[in-house]
Amino acid sequence: MDPQALFQQALTLHSLGRFAEADTIYRRLLADTPANFQIQYRLSLSLFQQQRAAEALAMVSAALAFQPRQPDALMLKGALLASLGRHEEALIDFDQVLAQKPDFPGALFNRALVLLKLERRTEAVSAFDRVVALAPESVEAWLNRGAA
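The notes below deal with the structure included here. (Residues numbered from 1 in each chain as written. Predicted model: local features only at pLDDT ≥ 70, side-chain atom pairs only at ≥ 80, totals over all residues. Heavy atoms only, no water.)

It is worth spelling out the packing of helix α7 (residues 105-117) against helix α8 (residues 121-134) at this point. At a minimum axis distance of 8 Å, the contact between α7 and α8 shows a crossing angle of 160°. The pairing of α7 with α8 is recorded here as roughly antiparallel in orientation. As α7 runs across α8, the sense of the crossing is left-handed. Facing P105, L108, F109, R111, A112, L113, L115 and L116 of α7, the residues of α8 in contact are R121, E123, A124, A127, F128, R130, V131 and L134. A breakdown of the residues in the contact of α7 with α8 according to their chemical character gives twelve nonpolar, no polar and four charged. (Axes fitted to C-alpha atoms, helices over the stretch in contact; angles between N-to-C directions. Helix = DSSP H or I, 4+ residues; strand = E, 2+ residues; numbered from the N terminus. Parallel < 35°, antiparallel > 145°, perpendicular 65-115°, else oblique. Left-handed = near helix turned anticlockwise from the far one by under 90°. Contact = heavy atoms within 4.5 Å. Nonpolar A, V, L, I, M, F, W, Y, C, P; charged D, E, K, R; others polar.)

Right, here's the structure in full:
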């Protein structure tokens, strides 16, 4: 089967929550083209959704070797690091995303959560203020701002 068609099949399976099947195809494609950012990134997303954070982190880190400033991959890496309790490292990735996209609510929110975990409350409140300014409908941002 054509690699592009196979990749599309993996994306479809992934979107349907059929992670094991999608992962098999992603890995098959990577065996033929190991330096493919998009496949590595999609596999890391799938692993993250399966709560396999350590594996997902290794895969997204490999993807970032090819596109080190890619904001979505940096966001995922930051989220994975945070989920593993590596908050200082996660903060670096969220800051890199925000250097490229200063008004990215997801990066601002995740950064604020990490600041809260690090007990840097004043900074967390400021970060949540930026989130609620951009996304005032975000109940989570308001609640976490209150917690900060």
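Past the structure itself, the notes keep going.
Y26, Y41, V60, L80 and F128 are the most contacted members of the largest nonpolar core, which totals 47 residues. Those elements that provide at least two residues to this core are α1 (3-15), α2 (19-32), α3 (37-49), α4 (53-64), α5 (71-83), α6 (87-100), α7 and α8. (Core = buried A, V, L, I, M, F, W, Y, C linked by side-chain atoms within 4.5 Å. Buried < 20%, exposed > 50% of the residue type's maximum accessible area, 1.4 Å probe, protein only.)

Along the polypeptide, A58 turns up in helix α4. Distance in space between the C-alpha atoms of A58 and Q38 is 15 Å, their sequence separation being 20 residues.

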